[in-house]
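Okay, here's what each chain looks like letter by letter:
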Amino acid sequence: MVTQVKKLGFRQTVLAVGIVCGLMSAGVMAADMGTANSAAAPDAAQPAMPTLSPEQMKLMTDFKQTREAMDALEQQLQGIEAKAYDKNPKLAKDRDSLRDAIKVAMSDKTFDAQAKYDELKALVTKIQAMPDSDPQKAKDIQLFRAGQQEFEQRQEKAFQDPKIQQKSEKLRTDVRADMIKVDPKSKQLFVDLDAKEKHMHDLQQQAMQMHGVEQPVSPAK
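Residues numbered from 1 in each chain as written. Predicted model: local features only at pLDDT ≥ 70, side-chain atom pairs only at ≥ 80, totals over all residues. Heavy atoms only, no water.

J.: I keep staring at the environment of Asp-96 and nothing clicks. Help me out?
T.: With respect to the helices and strands, the residue Asp-96 is situated in helix H3 (residues 89–106). A distance of 3.3 Å separates a polar atom in the side chain of Asp-96 from a polar atom in the side chain of Arg-95. (Helix = DSSP H or I, 4+ residues; strand = E, 2+ residues; numbered from the N terminus. Polar contact = N/O pair within 3.5 Å; in protein donor to acceptor, adjacent residues only side chain to side chain.)

J.: Would you mind showing me how to read helix H4 (residues 113–129) here?
T.: An ideal rise of 1.5 Å per residue puts 24 Å on 17 residues; H4 measures up with 25 Å between its terminal C-alpha atoms. Turning to H4, its buried residues number three or more, namely Ala-113, Lys-116, Tyr-117, Leu-120, Leu-123, Val-124 and Ile-127. Projection of H4 onto a plane perpendicular to its axis shows the buried side chains occupying an angular sector of 125°, all on one side. The N-cap of H4, judged by a side-chain oxygen 3.1 Å from the amide nitrogen of Gln-114 a few residues on, is Asp-112. (Expected span 1.5 Å × (residues − 1). Buried < 20%, exposed > 50% of the residue type's maximum accessible area, 1.4 Å probe, protein only. Arc of directions from axis to C-beta.)

J.: Explain the packing of aromatic side chains here, please?
T.: Aromatic ring pairs are described here by two measures, namely the spacing of the ring centres and the angle between the planes. Here the structure, examined in full by the defined rule, presents 1 aromatic pair. Pairing Tyr-117 with Phe-151 gives two aromatic rings, centres 6.4 Å apart and planes at 45°, and the pair type is tilted. Taken together, the positions of Tyr-117 in helix H4 and Phe-151 in helix H5 (residues 135–158) put the pair 34 residues apart, joining distant regions of the chain. Each member of the pair, Tyr-117 as well as Phe-151, is classed as buried. Against the face of Tyr-85 rests Arg-95, its NZ or CZ located 4.5 Å from the ring centre. One Lys or Arg, Arg-176, reaches over the ring of Phe-190 and ends 4.0 Å from the middle of that ring. (Phe/Tyr/Trp six-rings, centres within 6.5 Å; stacked < 30°, edge-to-face > 60°. Lys NZ or Arg CZ within 6 Å of the ring centre and 35° of its normal.)

J.: Please clarify how the packing of H4 against H5 should be interpreted in this entry.
T.: Between H4 and H5, whose axes approach to 10 Å, the crossing angle comes to 155°. Taken together, H4 and H5 sit at an angle that is classed as roughly antiparallel. Between H4 and H5 lies a crossing of left-handed hand. Residues Ala-113, Lys-116, Tyr-117, Leu-120, Leu-123, Val-124, Lys-126 and Ile-127 of H4 form the contact with H5, whose own contacting residues are Lys-137, Asp-140, Ile-141, Leu-143, Phe-144, Gly-147, Gln-148 and Phe-151. Classifying every residue of the contact of H4 with H5 gives 10 nonpolar, 2 polar and 4 charged. (Axes fitted to C-alpha atoms, helices over the stretch in contact; angles between N-to-C directions. Parallel < 35°, antiparallel > 145°, perpendicular 65-115°, else oblique. Left-handed = near helix turned anticlockwise from the far one by under 90°. Contact = heavy atoms within 4.5 Å. Nonpolar A, V, L, I, M, F, W, Y, C, P; charged D, E, K, R; others polar.)

J.: For this particular structure, what's the right way to read the pattern of salt bridges?
T.: Once the charged atoms of two side chains with opposite charge are near each other, the side chains can pair. Inspection of the entire model under this criterion finds 15 salt bridges. Notably, a salt bridge pairs Arg-67 with Glu-74, separated by 3.9 Å at the nearest N-O pair. Residue Glu-74 is classed as buried on the basis of its relative accessible area, which comes to 9%. In this structure, the salt-bridge partner of Arg-99 is Asp-96, at a minimum N-O distance of 3.5 Å. With a gap of 3 residues between them, Arg-99 and Asp-96 both fall in helix H3, about one helical turn apart. Residues participating in the shared-partner salt-bridge network are Arg-67, Asp-71 and Glu-74. (Salt bridge = Lys/Arg side-chain N within 4 Å of Asp/Glu carboxyl O.)

J.: I would appreciate a short explanation of the packing of H3 against helix H6 (residues 162–182) in the present structure.
T.: Interhelical geometry of H3 versus H6 gives an angle of 155° and a closest axis separation of 10 Å. The angle between H3 and H6 falls in the class roughly antiparallel. Considering the relative orientation of H3 and H6, their crossing is left-handed. Of the residues in H6, those touching H3 at Lys-90, Leu-91, Asp-94, Arg-95, Ser-97, Leu-98, Ala-101, Ile-102 and Ala-105 are Ile-164, Lys-167, Ser-168, Lys-170, Leu-171, Asp-174, Val-175 and Asp-178. In the contact of H3 with H6, the residues fall into 8 nonpolar, 2 polar and 7 charged.

Right under this line is the structure:
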């Protein structure tokens, strides 16, 4: 499902597409910083967060642990992937070709994908250097999120192009094969990552069902 760009990585294509996946990592960092900022300086005017039920707490803990396990697996695979590209220049050429095709598909007269990526990356660097007490930090985080949202929407649209989907799937298959040659343990890492991704999907479904059950029922008129 290469059109689900927000889940890019070994799940859909390859981590080294760069312009796509690098921004996803930056987005996670900005979101984390936003959370930390809110926790450090809570707004007294906002109502207190509702108490979570034991089931909700368990779901949140499971979600966090699964996400951390997926991050660890992807980090291992990234290192092996880099070795695969080093050993196979053709793969690197195919990766660059896919990256360029994505940027072209995302761009138009009013939007330059590479320029926007560089802008958002610089904004993350700026945010990281700002103290939580700086009132501009929260504004910059919101600015980043707005820019990232547009980037992701264009990115998703680009991956609806059959030619880009074909390039992505071919590169994904070729890279996986070379990674297993470079380091045979990659095969098991892929299996483990697929299992964690399935579990994450199941947790998301549980959360949606739980949310639906907890919605207030309107009284009959």
